[in-house]
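Below, each chain spelled out in residue letters.
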Amino acid sequence: HIAPMEGNEEEEEEEGFLDYTTSTAWESFCAEIEAKLRSWKERADAHCGTSTSTLSRSSSHGTTVTEAENGQATDQAIVSVLESKLPQFRPENYSLALHRPPEGHYLADWLGLGTRGRPFALLYPNSFSGCVLDREESVALLSALFTSAANSHFAHPLLIPVRDRQRRSFDGVLLREKGHLARLQTDCVTGILKTSEMHPLAVALGYHEEAAMGSGPGAAGAAGDALADVTRVLELAWTPPESESDMSEIWVNDWNAACPWYPWAEYEDPVASVRIELRWEDTGIEDVRADLEAFQSSRACVASRAGGGSNTFPLASLAGGSRFATSASLSLELDDAAVSDGMWRGSPPRRPRAGGGHLFSSMVAAFHANFQVAERAKGVSQLVQESFWDDRGELPAVPPEKLLRSQSDSVFNRRSHVTRNFGGLENDLHCLPTDDLLGYLSMYALSYGDNPRAVALLWRRFLSEVRLRHWEEGVPLPRMAAANSFKIDHGKHVIEQKLQLIQLCILGLSSCGAPADATVANPSMLTSDQVAEFDFMFTATANKRSRSDVWAKMHGAAAVGLASSLRKTNPKAGFGDFKAAFRSSAYFVEMSKICESLPWNGFTKDRLRESWSRSAWIEPGGDTSSGEEFHDCEEGEEGEGGVAALHSRAEMALDWLEHVPPVELFRSLYSIGLRNAIGTLEASRNARLAPLADLLSAVKSRTQDWLARLPQKLATSDLETDEEAAALCVNLGAVELSLSFAESVAQKLWFLPLGSRSDLVREFASKLASRAFSAGAFLDLRLSGPARDHFVALEEGEGLELGGHALLLHLRRQVLRLSSGPRSGDGGGAWFYSYLCQDLDRALTRYASVVTV
């Protein structure tokens, strides 16, 4: 030190003491870190409330983005490369970064920094690993950080990465109020992790007490009075395979079997996994211990009946082990392939995936392609011939003979001989909404999709069965309720009416002669196409004589027969009595509804007068066909007798079915199948849930309107490319997926209140409609109220066995946070804090501790 010159006393007092000694590398290093911390602290004070992005843009040192634990959330950091080095440890520079993490950052959980994005500083070497591997170096860096924080009053965590980058291991310090120092330590071990290695609460509490040892008088005792935040994630599953860590096949494969749509449609289970998360927040350690011991005590029955591991519990353990839990939530992971089917942009997939998941909507969409082909075919038999497909591209595959035979048998016997899930065993098919013969055939036809050749082969085999095993053998057709009442339903399709007519003929012949009203000019024996032919002949001519002939051919026999019967029972009856009797007869009531030639007008009354006159010629007990004008009525059936008439009618019906126009056949099967598909969905036990009832009602209304306009649509457009047809399939597919989700929830989560299940289904349908699943196929539901309320109905053993399989809870993830001691007033959390996370899915164990010295 050089003595000051005379006259410089004032200048010396202003400048103070000048130190001309050389600072060490460590002192320069500490001074530079301190300067950076002061700069950040001053900037934060000046920009109070400024967002992270604003602070980053105001920095001249550049920014970097780091990923959070889940790979999605990111944080922005202000990075400064320090000029000072520590050559005794490494030749590279160090960098100091100020991070403002987003919500849910992993370090915020590990170190108990809170959820408000509290910043932290990270000091790391600019080496390949970016980590400090030497113990002496880490001690020197931590000492420099604490010295700098103490001088600058920087009250945020200061960390250095140690060990290796993938391990995410950190050491650090935190300056707390009154000069206390908190030691921060974290570690993460990744590798093979078994359920037996999931640490119980006692082990975590032992770590907590051990970390607090030596921090001061009474520290261990304070740690023993810890409050706990515990999260347990349990996976709901059937009896697992031999290895509990292998949860790839945890549900029974035949989950469709109890559903009304099976086996016509077979949906993939949209719920890949169900997880129940229980949380104990700021709960006394003894209360948490009591709940977890209740879980563990339920292990006895599992070990003997299901062979589960040390962390496998029966479902009923939820009721006894959640008395002090503060909240419960469900997390459903959905099958990506299943929900992607529901997010069609234009039209649904035409064919089912090879792995299964056959939806009605995909069948209907594929079937639309058949109509254009059917229009070009001259007959159903032509669709079977290979030559028909020579100039039409790919030849459709022919189903195996065994499959066609089994499907035909199941149509008539309502038995399923070939099913994938039951190994070929014979099983009863679920009844369709309308349990009739043609309904089952239409469902098999619909399942062939865009293979009209297969549909034609199935139709030929079906008709062969009708002719050879029923008509010729005199065996009534099964499930023909409408025909069993001797009445053809004109509201049905013509192919249905023809089958009903055949059934009437079989029944008539089996009773050794049909009743009179079932054979002679009876509307119950006329199909709508025959009525339409007579109506056309009647309306196509304006000549009165020709119209009279047509009327006599259609109604003459019935009118003369009625008049003759009236004369026989009442010889004094006149024409007025006959008119009244005719107007009140079942024939007139029924025929006037379906036939345009029989309105009550002058023309009809004149024809009735002729019939009344002709009836006078018939001798008592005679034949109504004795009149010359009526000799040809009903094409001579009266002269042939009732038995011959029945044979003639049945053969004509069979001939019509064997030569049915392909478009008529495919339109009928399509309409019947689509109505049955909607009906089977309505039969689901979940169809009355609030969101599904509305969706089903809307789709049903659209379907009815669509089918009413189908003939016009077929005449004007190609259904394969029609936008309205595609929209119908998209809406139907959304309903199917929502119903399959509801069924999966009902099977797996029957212990939930109905309202909670409705909430899940509503959320699923909403996300499906908005295509929100593209961002992640997960559904979460927080169960309101105390957690025990949702599981209190589950008593010991209830729900343990279902179909020979045990329903179990497998511990997959647990997070334990233990905090004790006085809480810091600066928001730094408890003085003693321990964190333990074990995750079987990621095969990792994480530790962290904060100990205030």
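Calculation rules
Residues numbered from 1 in each chain as written. Predicted model: local features only at pLDDT ≥ 70, side-chain atom pairs only at ≥ 80, totals over all residues. Heavy atoms only, no water. Helix = DSSP H or I, 4+ residues; strand = E, 2+ residues; numbered from the N terminus. Buried < 20%, exposed > 50% of the residue type's maximum accessible area, 1.4 Å probe, protein only. Areas by Shrake-Rupley, 256 points an atom, 1.4 Å probe, with all protein chains shown as cover. pLDDT = per-residue confidence, 0-100. Contact = heavy atoms within 4.5 Å. Pairing = 2+ DSSP bridges. Salt bridge = Lys/Arg side-chain N within 4 Å of Asp/Glu carboxyl O. Core = buried A, V, L, I, M, F, W, Y, C linked by side-chain atoms within 4.5 Å. Phe/Tyr/Trp six-rings, centres within 6.5 Å; stacked < 30°, edge-to-face > 60°. Lys NZ or Arg CZ within 6 Å of the ring centre and 35° of its normal. Expected span 1.5 Å × (residues − 1). Axes fitted to C-alpha atoms, helices over the stretch in contact; angles between N-to-C directions. Parallel < 35°, antiparallel > 145°, perpendicular 65-115°, else oblique. Left-handed = near helix turned anticlockwise from the far one by under 90°. Nonpolar A, V, L, I, M, F, W, Y, C, P; charged D, E, K, R; others polar. Disulfide = S-S within 2.5 Å. Polar contact = N/O pair within 3.5 Å; in protein donor to acceptor, adjacent residues only side chain to side chain.

A. Structural view of the overall build of the protein. For the protein, the helix and strand inventory stands at 30 helices and 19 strands. The buried share of the protein, reckoned over its 853 residues, is 50%. Accessible area of the protein: about 38,700 Å², with a carbon and sulfur share of 50%.

B. Seen up close, unusual backbone geometry. A positive phi angle is found at Arg-163, which is not glycine, with a value near 65°. Counting through the fold element by element, Arg-163 comes out in the loop between strand 5 (158-162) and strand 6 (169-175). Take Arg-163: its relative accessible area is 38%, and that puts it in the partly exposed class. Positive phi outside glycine occurs at Ala-843, with the angle close to 50°. Turning to its location among the elements, Ala-843 is positioned in the loop between strand 18 (830-839) and strand 19 (844-852).

C. Looking closely at the confidence of the model for the protein. Chain-level pLDDT for the protein is 77 on average; 77% of the residues reach the 70-or-more range. Segment residues 303-308: pLDDT under 50, and nine contacts once partners within four positions in sequence are set aside and those in other chains are kept. When the criterion is pLDDT under 50, residues 417-427 qualifies, and its contacts beyond four places in sequence or with other chains add up to 24 contacts.

D. Here's a closer look at the pairing of strand 18. Most of strand 18 sits inside the fold, with ten of its ten residues counted as buried. Both strand 18 and strand 19 contribute to a ladder of eight bridges, which runs antiparallel. Directly across from Tyr-835, in strand 19, lies its bridge partner Ala-848. Where strand 18 folds back onto strand 19 in an antiparallel hairpin, the turn is made up of four residues, including Ala-843, whose phi is positive at roughly 50°.

E. A look at the side chain of Thr-845. With respect to the helices, strands and loops of the structure, Thr-845 is situated in strand 19. Ignoring anything within four residues of it in the chain, the contact list for Thr-845 reads Asp-187, Cys-188, Val-189, Leu-193, Leu-836, Cys-837 and Gln-838.

F. Region of the structure containing the pattern of salt bridges. Taken as a whole and assessed by the stated rule, the structure comprises 29 salt bridges. Across the pair Glu-664 and Arg-667 runs a salt bridge, and its minimum N-O distance is 3.1 Å. Taken together, the residues Glu-664 and Arg-667, both in helix 26 (residues 662-682) and three residues apart, mark about one turn of the helix. Given a relative accessible area of 16%, Glu-664 falls into the buried group. If you follow the salt bridges from partner to partner, you end up with Asp-705, Arg-709, Lys-713, Asp-722 and Glu-724 in one network.

G. Up close: the nonpolar core. Residues Leu-332, Phe-360 and Phe-462 are the most contacted members of the largest nonpolar core, which totals 140 residues. Here Phe-360 is in contact with Trp-261, Trp-264, Ala-265, Tyr-267, Met-443, Ala-677, Thr-680, Leu-681, Leu-732 and Glu-736, once residues within four sequence places are set aside.

H. The side chain of Asn-676, seen in detail. Inspection of the secondary structure assignment puts Asn-676 in helix 26. Leaving out residues up to four positions away in the same chain, Asn-676 has contacts with Leu-432, Pro-433, Thr-434, Gly-439, Ser-442 and Met-443.

I. Molecular detail of the packing of aromatic side chains. Under the criterion given, the structure shown has 18 aromatic pairs. Judged by centre distance (5.8 Å) and plane angle (40°), the ring pair of Phe-367 and Phe-666 falls under tilted. Taken together, the residues span a long stretch of sequence, with Phe-367 in helix 12 (residues 360-367) and Phe-666 in helix 26 at a distance of 299 residues. Both residues of the pair, Phe-367 and Phe-666, count as buried. Members of the aromatic cluster, joined through ring pairs, are Phe-575, Phe-578, Phe-582, Phe-588 and Trp-612. Above the face of the Trp-612 ring, Arg-567 is positioned so that its terminal group lies 3.8 Å from the ring centre.

J. Region of interest: helix 15 (residues 401-413). Helix length check: helix 15, at 13 residues, gives a terminal C-alpha distance of 18 Å against a target of 18 Å (1.5 Å per residue), a fit within 8%. Inspection of helix 15 places Leu-404, Ser-406, Gln-407, Ser-408, Ser-410, Val-411 and Phe-412 among the buried residues, and these make up the whole buried set. Where helix 15 terminates, the next one or two residues include Arg-414, which has phi positive at roughly 50°.

K. Fine view of the packing of helix 15 against helix 17 (residues 452-471). With their axes 10 Å apart at the nearest point, helix 15 and helix 17 run at an angle of 55° to one another. Judged on the interaxial angle alone, helix 17 and helix 15 are oblique. For the pair helix 15 and helix 17, the crossing hand works out as right-handed. Each of Glu-401, Leu-404, Arg-405, Gln-407, Ser-408, Asp-409, Val-411 and Phe-412 in helix 15 lies in contact with helix 17, whose residues at this interface are Leu-457, Leu-458, Arg-461, Phe-462, Glu-465, Val-466, Arg-469 and His-470. Here the contact of helix 15 with helix 17 is built from residues that sort into seven nonpolar, three polar and six charged.

L. Spotlight on the state of the cysteines. A full pass over the atoms with the stated rule returns zero disulfides. Among the cysteines around Cys-188, which has no disulfide bond, Cys-837 carries the closest sulfur, lying 8.3 Å off.

M. The environment of Ser-819, seen in detail. Inspection of the secondary structure assignment puts Ser-819 in strand 17 (residues 808-823). Taking the C-alpha atoms as reference points, Ser-819 and Ser-834, 15 residues apart in sequence, are found 6.5 Å from one another. In this structure Ser-819 touches His-208, Ala-226, Leu-227, Ala-830, Phe-832 and Tyr-833, once residues within four positions along its chain are discounted.

N. Main features of the packing of helix 27 (residues 690-708) against helix 29 (residues 723-748). With their axes 10 Å apart at the nearest point, helix 27 and helix 29 run at an angle of 150° to one another. When the interaxial angle is binned, helix 27 and helix 29 end up roughly antiparallel. Seen from above, helix 27 lies across helix 29 with left-handed handedness. Residues Leu-692, Leu-695, Leu-696, Val-699, Arg-702, Thr-703 and Trp-706 of helix 27 form the contact with helix 29, whose own contacting residues are Glu-724, Ala-725, Leu-728, Asn-731, Leu-732, Val-735, Ser-738, Leu-739 and Ala-742.

O. Examining the environment of Ser-447 more closely. For Ser-447, the location among the structural elements is in helix 16 (residues 437-447). The exposure class assigned to Ser-447 is partly exposed, which follows from its relative accessible area of 26%. For the pair Ser-447 and Ser-362, spaced 85 residues apart in sequence, the C-alpha to C-alpha distance is 9.2 Å. Separated by 2.5 Å, the side chain of Ser-447 and the backbone oxygen of Tyr-444 make a polar contact.

P. Region of the structure containing the pairing of strand 4 (residues 120-125). Among the six residues of strand 4, six are classified as buried, and the element is accordingly described as predominantly covered. Side-chain alternation along strand 4 places Phe-120, Leu-122 and Tyr-124 on one buried face and Ala-121, Leu-123 and Pro-125 on a second face that is also buried. Pairing geometry for strand 3 (residues 94-100) and strand 4, over six bridges, is antiparallel. Of the residues in strand 4, the one forming a bridge with Tyr-94 is Pro-125. For strand 4 and strand 5, the ladder comprises two bridges, and the chain directions are parallel.

Q. The environment of Ala-366, seen in detail. Relative to the elements of secondary structure, Ala-366 occurs in helix 12. On the basis of relative accessible area, Ala-366 is assigned to the buried category, the value being 2%. C-alpha of Ala-366 to C-alpha of Leu-446: the two residues are 80 residues apart in sequence and 8.7 Å apart in space.

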